Amino acid sequence: MEKMSRVTTALGGSTLTGRTMHCHLDAPANAISVCRDAAQVVVAGRSIFKIYSIEEEQFVEKLNLRVGRKPSLNLSCADVVWHQMDENLLATAATNGVVVTWNLGRPSRNKQDQLFTEHKRTVNKVCFHPTEAHVLLSGSQDGFMKCFDLRRKDSVSTFSGQSESVRDVQFSIRDYFTFASTFENGNVQLWDIRRPDRCERMFTAHNGPVFCCDWHPEDRGWLATGGRDKMVKVWDMTTHRAKEMHCVQTIASVARVKWRPECRHHLATCSMMVDHNIYVWDVRRPFVPAAMFEEHRDVTTGIAWRHPHDPSFLLSGSKDSSLCQHLFRDASQPVERANPEGLCYGLFGDLAFAAKESLVAAESGRKPYSGDRRHPMFFKRKLDPAEPFAGLASSALSVFEMEPGSGSMGWFVDTAERYALSGRPLAELCDHNAKVARELGRNQVAQTWTMLRIIYCSPGLVPSANLNHSVGKGSSCGLPLMNSFNLKDMTPGLGSETRLDRNKGDTRSDTALLDSSATLITNEDNEETEGSDVPTDYLLGDAEGEEDELYLLDPEHAHPEEPEYVLPQEAFPLRHEIVDTPPGPEHLQDKADSPHVSGSEADAASLAPMDSSFSLLSVSHALYDSRLPPDFFSVLVRDMLRFYAEQGDVQMAVSVLIVLGERVRKDIDEQTQEHWYTSYIDLLQRFRLWNVSNEVVKLSTSRAISCLNQASTTLHVNCSHCKRPMSSRGWVCDRCHRCASMCAVCHHVVKGLFVWCQGCSHGGHLQHIMKWLEGSSHCPAGCGHLCEYS
Amino acid sequence: MAEGENEVRWDGLCSRDSTTRETALENIRQIILRKTEYLRSVKETPCRPSDGLSNTVSLDGLNKLLAHLLMLSKRCPFKDVREKSEFILKSIQELGIRIPRPLGHGPSRFIPEKEILQVGSEDAQMHALFADSFAALGRLDNITLVMVFHPQYLESFLKTQHYLLQMDGPLPLHYRHYIGIMAAARHQCSYLVNLHVNDFLHVGGDPKWLNGLENAPQKLQNLGELNKVLAHRPWLITKEHIEGLLKAEEHSWSLAELVHAVVLLTHYHSLASFTFGCGISPEIHCDGGHTFRPPSVSNYCICDITNGNHSVDEMQVNSAGNVSVSDSFFEVEALMEKMRQLQECRDEEEASQEEMASRFEIEKRESMFVFSSDDEEVTPARDVSRHFEDTSYGYKDFSRHGMHVPTFRVQDYCWEDHGYSLVNRLYPDVGQLIDEKFHIAYNLTYNTMAMHKDVDTSMLRRAIWNYIHCMFGIRYDDYDYGEINQLLDRSFKVYIKTVVCTPEKVTKRMYDSFWRQFKHSEKVHVNLLLIEARMQAELLYALRAITRYMT
């Protein structure tokens with residue numbers, strides 16, 4: 001019935017027409033309010049108080065309410081409101097604390113009706129009762145709200161907000177007796193107009209002042225609040241506790257909020273500082289405004305929907321001294337400019353991709369080319385017919401999954417957990433890590449570790465058993481070849497000039513090659529023949545080899561009957577072409593037949609696994625004895641680390657960096673190191689390997705990294721008695737002066753490490769609890785909980 | 001002697017772990033002993049001319065160390081460090097080396113030392129504050145020791161200062177200290193200048209800059225003008241000033257940097273006010289804080305000259321501040337009576353609009369003439385003046401000429417609504433910190449007045465706050481400026497005016513002659529109100545100009 005009558009009033013007049021327009025005011029506006037006939041608007045500010053009629057094409061000034069020659073602070077308006085029942089009644093809030101009512105029906109030029117000077121400080125807001133003709137509410141800086149009956153000379157009742165300044169008061173539209181008030185300290189209070197002694201309900205809505213609130217015109221109990229913390233929140237007040245339903249994050253503090261008529265989820269906001277636009281938000285879509293009005297050149301101070309049942313006309317006043325009528329159809333819609341595309345890589349190599357439907361539709365029409373092992377899956381968002389913006393933001397999501405097994409990053413996790421990075425001599429660390437890598441089937445990495453050990457540790461310490469193991473069968477089948485390319489002419493001095501072993505053996509290096517414990521695989525598809533022409537190739541090495549191709553000399557294998565050391569060729573692809581191979585677990589990437597790898601043949605020539613799947617370089621004993629200083633290799637090691645890092649195996653790069661420590665650090669610039677560290681730590685954290693990541697942080701020498709785990713090391717605790725945060729110390733509460741953290745075992749205060757059960761929250765000294773739980777599984781406090789300590 | 005091994009590392013002492021402190025101290029002791037040995041051996045051998053120089057240098061170095069130790073023995077919040085430092089000093093003395101002794105009488109010249117909390121006798125909460133401060137700065141400065149009258153405020157103050165100087169921010173560390181020096185030098189506050197010169201060098205600042213602003217980068221030189229206006233006539237700041245800084249080609253400031261700089265400038269302007277307002281003495285380890293000589297009359301420090309505390313000055317200064325002694329006894333009662341009256345009759349007496357407006361104007365105009373009558377121009381010590389080029393530009397000379405201060409309406413641009421949002425947008429978190437500090441300073445009360453308890457002092461506090469804003473032309477529409485005249489007497493106004501506008505002219509007599517019945521802690525409380533109100537006033541003008549520039 002009520003609804004019916006309102007609709008008729010709405011339709012009683014002719015339908016609203018108009019256009020986007022604005023008019024210049026003489027002074028900045030602080031607030032505006034619309035008459036119920038939707039044909040007039042009042043603008044109030046420090047030095048302006050005028051009524052404009054809204055015509056088809058323009059605003060026409062109808063009345064200036066600032067009469068008299070002398071300026072009065074009573075006319076310096078902070079807020080203005082037009083009664084929604086009575087076309088002749090207005091109220092203003094003055095900055096000096098006066099509430100003034102105006103009666104347009106007065107015959108004289110001065111329309112001022114009544115003056116209430118009860119507030120001691122600025123009045124921030126006035127509000128008429130939506131249905132009652134004579135009830136006016138005001139909220140002031142002095143912390144009080146007053147309810148006036150216009151038939152009387154003074155206030156009917158006073159509501160105290162407990163000394164905090166009131167920023168907004170709003171009568172509920174549906175509940176006759178209820179009003180909401182918002183405060184400078186972030187609280188929102190709900191009052192019953194009949195009970196001035198205490199508020200019905202209070203809750204903290206925002207961090208910092210709550211500047212505005214607005215009741216939903218249709219939904220009973222929905223209240224929107226806006227605050228200095230740049231948020232608009234929608235609360236459901238019908239439940240026992242006020243429940244936050246929606247939250248919109250804007251870019252500046254929210255000065256005003258107004259629900260849009262006839263659109264259940266829309267509200268308009270404007271900001272107090274910096275941002276001059278008016279936004280209309282759909283609260284269900286809090287990230288992109290549904291519409292935006294950009295007419296104003298200074299902050300907007302007042303907004304009002306022109307008619308309570310017409311969603312397309314918005315009026316606004318601004319500090320730039322202008323009054324605007326905005327038409328919704330003229331609004332700019334940021335959604336249209338947004339790119340609804342997104343791409344995300346999953347932890348295990350999955351790829352998700354969202355794009356405009358039109359784009360995806362065209363794409364999916366294409367057949368996935370054959371042989372592709374990735375399976376695109378398409379999802380389409382289910383469209384909710386109720387959603388008004390279905391047309392604006394429809395996008396399709398596709399997910400590409402890795403082939404089961406192939407994309408598993410299990411090796412990464414295992415490696416991370418098992419690697420030893422410090423605490424033992426270098427040789428042991430290298431051996432350990434090599435072993436780990438080998439067990440995980442990552443032979444190249446294993447080999448690298450072994451070689452690092454050889455480079456940096458004195459050779460005498462190399463346990464031959466280990467070596468045998470590492471070279472394994474590869475060396476045995478390589479043996480016959482060894483003699484054939486001894487480097488006879490190698491002088492100790494020249495030795496440092498990297499002898500090349502160019503061995504273009506056929507690397508049909510399928511995965512079979514991985515089995516052999518030998519070496520790396522990246523490789524070219526070499527048409528050259530078998531090991532027989534190895535010697536020629538060796539000679540060829542210098543001819544073709546570029547200057548920068550350095551090879552690691554690996555005096556690896558000391559055979560009893562072999563006077564020379566046999567070096568399994570461990571060549572690292574130093575060239576970018578190789579590095580170009582798609583990032584991914586490296587033991588997968590080197591399909592010998594993959595076209596781009598073969599394309600890189602020429603440059604990758606240095607990587608020369610033999611037919612037996614690895615190449616050997618033998619060095620005369622003299623060379624070995626010359627004891628190349630580890631420094632000599634540092635360039636090589638550096639390049640190797642770069643290679644690993646660029647291949648995507650930043651784990652290897654960082655681990656080697658940590659294990660070798662000072663030996664290589666100086667060769668790699670700080671920034672690169674930092675970059676590696678951060679990527680590795682990021683990866684570790686994605687896999688939730690917190691301990692490893694912390695260890696890495698701790699072991700890093702880069703300042704930027706090691707300070708990572710010194711940030712936010714504060715643990716905030718609340719007192720166990722009064723539940724208040726304990727600010728100064730962790731064990732004594734300032735408020736209730738009791739010791740909060742008592743040890744359940746020794747009943748003393750715990751000042752150091754405090755451990756507690758997450759089940760029963762009893763705890764105490766770390767040592768005591770550990771000891772206790774060794775002997776008993778029950779809680780030491782006697783609460784009967786079965787505590788666990790791990 | 002290799003410098004490396006004798007490099008004294010004081011930072012170990014800031015640790016909360018007593019064993020770390022112990023080792024650090026032991027280290028220091030070793031170094032000092034070595035230096036002493038070296039000096040003695042040099043002394044015993046006949047002095048060759050070439051040795052002379054290095055000898056003085058190392059003696060200087062030793063003396064610096066000893067002065068620092070002296071400071072630690074008095075001001076370190078950790079008992080073990082205090083005792084051990086004293087012990088080291090004693091043992092050195094026994095070796096025949098002259099050790100320094102502190103000059104002056106505690107942290108403040110205005111407040112007797114016994115009124116001020118002794119380090120070591122603080123309660124747990126204060127100890128935590130001290131430890132925090134010591135850990136951050138490696139010292140416990142006199143400002144902290146005076147502010148600790150109001151620990152709640154001190155905590156917020158230290159947090160803010162720590163954030164401004166040491167935490168994330170758009171400006172490099174040495175810039176921050178240099179800006180602090182620039183700001184403090186505007187008021188010839190050698191105390192703050194000395195402190196920050198040390199810090200500036202410590203964070204790797206170029207010592208050349210200290211020879212004057214013209215040696216600093218152009219970018220900082222550009223800031224000089226803003227510094228000057230902000231310190232003395234903030235209402236003259238226009239968006240052109242801001243534009244000039246932001247659009248200076250390669251020397252231009254970014255908005256975020258500018259906000260950081262503005263916050264620093266205002267912070268140090270008001271801190272200079274506090275330093276003079278409470279008569280903070282030089283730090284023990286800085287020049288003028290200690291002496292190796294027995295006391296002598298001729299020994300005074302720069303501070304004393306620049307702020308007119310030199311004994312000769314004191315005789316002439318400030319006859320206006322005199323109130324006859326007999327009045328003083330009833331001062332408190334009279335003040336309370338007035339507050340009661342105002343409370344009661346506020347509703348009855350209804351002043352007209354014009355009346356209210358004119359009261360503000362009167363107060364504003366009068367505030368210009370509330371001044372001590374001393375005429376002599378205090379020549380600033382060279383040492384400090386190098387940081388600002390235009391010494392003649394002060395608050396005073398405009399008030400003489402009766403320049404018109406335009407009215408700034410707080411209802412149109414206030415800290416809570418506008419200033420906060422702007423600062424927080426451009427320099428995240430700082431808005432929050434300063435906001436908290438303002439709140440605490442404004443709302444701080446113990447409900448006492450001198451010997452009376454349970455007094456609602458909000459009216460008095462608001463009068464002081466608004467009076468300061470009134471001097472800067474900031475008007476509250478909802479305040480009756482008649483109240484100020486009722487509540488603040490002339491000597492108090494003189495003090496406020498001097499502290500806020502020309503802090504370097506504050507004298508002990510001014511400090512003593514207002515509110516004679518009140519406790520020192522209450523006078524410090526007044527100072528906190530003064531400095532926060534001043535800071536807010538300056539910030540409001542600067543931020544309004546930035547806002548205008550942005551729109």
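As recorded in an unreviewed UniProt entry, chain B goes by the name Sestrin-1 isoform 1, listed as coming from Daubentonia madagascariensis. As recorded by UniProt, the Sequence similarities (unreviewed entry) comment attached to chain B reads in full: "Belongs to the sestrin family." Entered under Catalytic activity (unreviewed entry) in the UniProt record, the comment concerning chain B runs "a hydroperoxide + L-cysteinyl-[protein] = S-hydroxy-L-cysteinyl-[protein] + an alcohol".

Naming follows an unreviewed UniProt entry, where chain A appears as GATOR2 complex protein WDR24 of Daubentonia madagascariensis. Of the comments in the UniProt record for chain A, the one headed Subcellular location (unreviewed entry) reads "Lysosome membrane". The UniProt entry for chain A carries the following comment under Catalytic activity (unreviewed entry): "S-ubiquitinyl-[E2 ubiquitin-conjugating enzyme]-L-cysteine + [acceptor protein]-L-lysine = [E2 ubiquitin-conjugating enzyme]-L-cysteine + N(6)-ubiquitinyl-[acceptor protein]-L-lysine."

J.: Quick question: what am I supposed to make of the overall build of chain B here?
T.: Within chain B, the regular secondary structure consists of 26 helices and six strands. Looking at chain B as a whole, 58% of its 551 residues are labelled buried. Long-range pairs, those at least 24 residues apart, make up 77% of the contacts in chain B between residues at least 6 apart in sequence.

J.: I keep staring at empty space enclosed by the protein and nothing clicks. Help me out?
T.: To find leftover empty space, one rolls a probe the size of a water molecule over the atoms. Residue and element names in this part refer to chain B. In total, this model carries 10 cavities of 30 Å³ or more according to the counting rule given. What lines the largest cavity is a set of 15 residues, among which Arg139, Asp141, Gln161, His196 and Leu271 lie closest to the centre. Of all elements in the fold, only helix H6 (142-147), helix H7 (151-166), helix H9 (190-202) and helix H12 (255-277) reach the threshold of two or more residues within the lining of the largest cavity. Here the residues of the lining of the largest cavity are counted per class, giving nine nonpolar, three polar and three charged.

J.: What's the story with the interface of chain A and chain B in this structure? I'm lost.
T.: Interface size is often expressed as the accessible area that is lost when the parts come together. The partner chain B presents 25 residues to the 27 residues of chain A that form the contact. Buried surface at the junction of chain A and chain B, both sides included, amounts to about 2,400 Å², of which 49% is carbon and sulfur. Our enumeration of links across chain A and chain B arrives at five salt bridges. Taking the shortest distance from any N to any O, the salt bridge between Asp412(B) and Arg46(A) comes out at 2.8 Å. Between chain A and chain B we count 11 residue pairs in polar contact (both at pLDDT 80 or more) in total. Residue classes in the side of chain A that touches chain B are distributed as seven nonpolar, nine polar and 11 charged.

J.: For this particular structure, what's the right way to read the packing of aromatic side chains?
T.: What characterises a pair of aromatic rings is the spacing of the ring centres plus the angle enclosed by the ring planes. Tallied over the full model, the rule gives 38 aromatic pairs over all chains. Among the aromatic residues, those joined into a cluster by ring pairs are Phe110(B), Phe492(B), Tyr495(B), Tyr511(B), Phe514(B), Trp515(B) and Phe518(B). Just above the ring of Trp222(A) sits the side chain of Arg264(A); from NZ or CZ to the centre is 5.1 Å. Seen from the ring of Phe78(B), Arg21(B) lies directly overhead, with NZ or CZ sitting 3.8 Å from the centre.

J.: I keep staring at the sheet that holds strand E13 (residues 155-160) of chain A and nothing clicks. Help me out?
T.: Whether parallel or antiparallel, the strands of a sheet pair through hydrogen bonds between backbone atoms. Residue and element names in this part refer to chain A. Spatially, four strands are ordered E10-E11-E12-E13 in an open sheet, and the strand pairing comes out antiparallel. A strand with exactly one partner marks an edge of an open sheet, and here the two such strands are strand E10 (123-128) and E13. Adjacent strand axes in the sheet meet at a mean angle of 20°, parallel and antiparallel pairs treated alike. One ladder, built from five bridges, connects strand E11 (residues 135-140) with strand E12 (residues 144-149); its direction is antiparallel. Its bridge partner lying in E12, leucine 137 is registered against cysteine 147.

J.: Please explain the nonpolar core as it appears in this structure.
T.: Generally speaking, a soluble globular protein has its nonpolar side chains buried in company with each other. Residues and elements named next belong to chain B. Judged by nonpolar contacts, the single largest core of 138 residues is most densely connected at Met147, Leu223, Trp253, Leu258, Phe274, Ile464 and Ile496. With 16 residues, helix H26 (residues 520-550) is the single largest residue contributor to this core. Beyond its immediate chain neighbours, meaning those up to four positions away, leucine 258 contacts Leu223, Leu226, Ile242, Leu245, Leu246, Trp253 and Ile546.

J.: I'm lost on helix H18 (residues 670-686) of chain A in this one. Help?
T.: Residues and elements named next belong to chain A. Given a rise of 1.5 Å per residue, 17 residues ought to cover 24 Å, and the 24 Å separating the end C-alpha atoms of H18 matches this to within 8%. Along H18, the positions that sit buried rather than exposed are Thr672, Gln673, Trp676, Tyr677, Tyr680, Ile681 and Leu684. Taken around the axis of H18, the buried residues stretch over an arc of 160°, which confines them to a single face. Across H18 from its buried face, at more than 90 degrees, point the exposed residues Gln671 and His675.

Reading guide: rules and limits
- Residues numbered from 1 in each chain as written.
- Chains lettered and ligands numbered in written order.
- Predicted model: local features only at pLDDT ≥ 70, side-chain atom pairs only at ≥ 80, totals over all residues.
- Heavy atoms only, no water.
- UniProt positions renumbered as here; feature names shortened; annotations may be inferred.
- Helix = DSSP H or I, 4+ residues; strand = E, 2+ residues; numbered from the N terminus.
- Buried < 20%, exposed > 50% of the residue type's maximum accessible area, 1.4 Å probe, protein only.
- Contact = heavy atoms within 4.5 Å.
- 1 Å grid on protein atoms, 1.4 Å probe; cavity = no way out; pocket = protein on both sides within 12 Å on 5 of 7 lines; lining within 4 Å.
- Points joined across faces, edges and corners; volume = space filled by probe spheres on them.
- Nonpolar A, V, L, I, M, F, W, Y, C, P; charged D, E, K, R; others polar.
- Buried area = accessible area lost by both parts, 1.4 Å probe.
- Salt bridge = Lys/Arg side-chain N within 4 Å of Asp/Glu carboxyl O.
- Polar contact = N/O pair within 3.5 Å; in protein donor to acceptor, adjacent residues only side chain to side chain.
- Phe/Tyr/Trp six-rings, centres within 6.5 Å; stacked < 30°, edge-to-face > 60°.
- Lys NZ or Arg CZ within 6 Å of the ring centre and 35° of its normal.
- Pairing = 2+ DSSP bridges.
- Axes fitted to C-alpha atoms, helices over the stretch in contact; angles between N-to-C directions.
- Core = buried A, V, L, I, M, F, W, Y, C linked by side-chain atoms within 4.5 Å.
- Expected span 1.5 Å × (residues − 1).
- Arc of directions from axis to C-beta.

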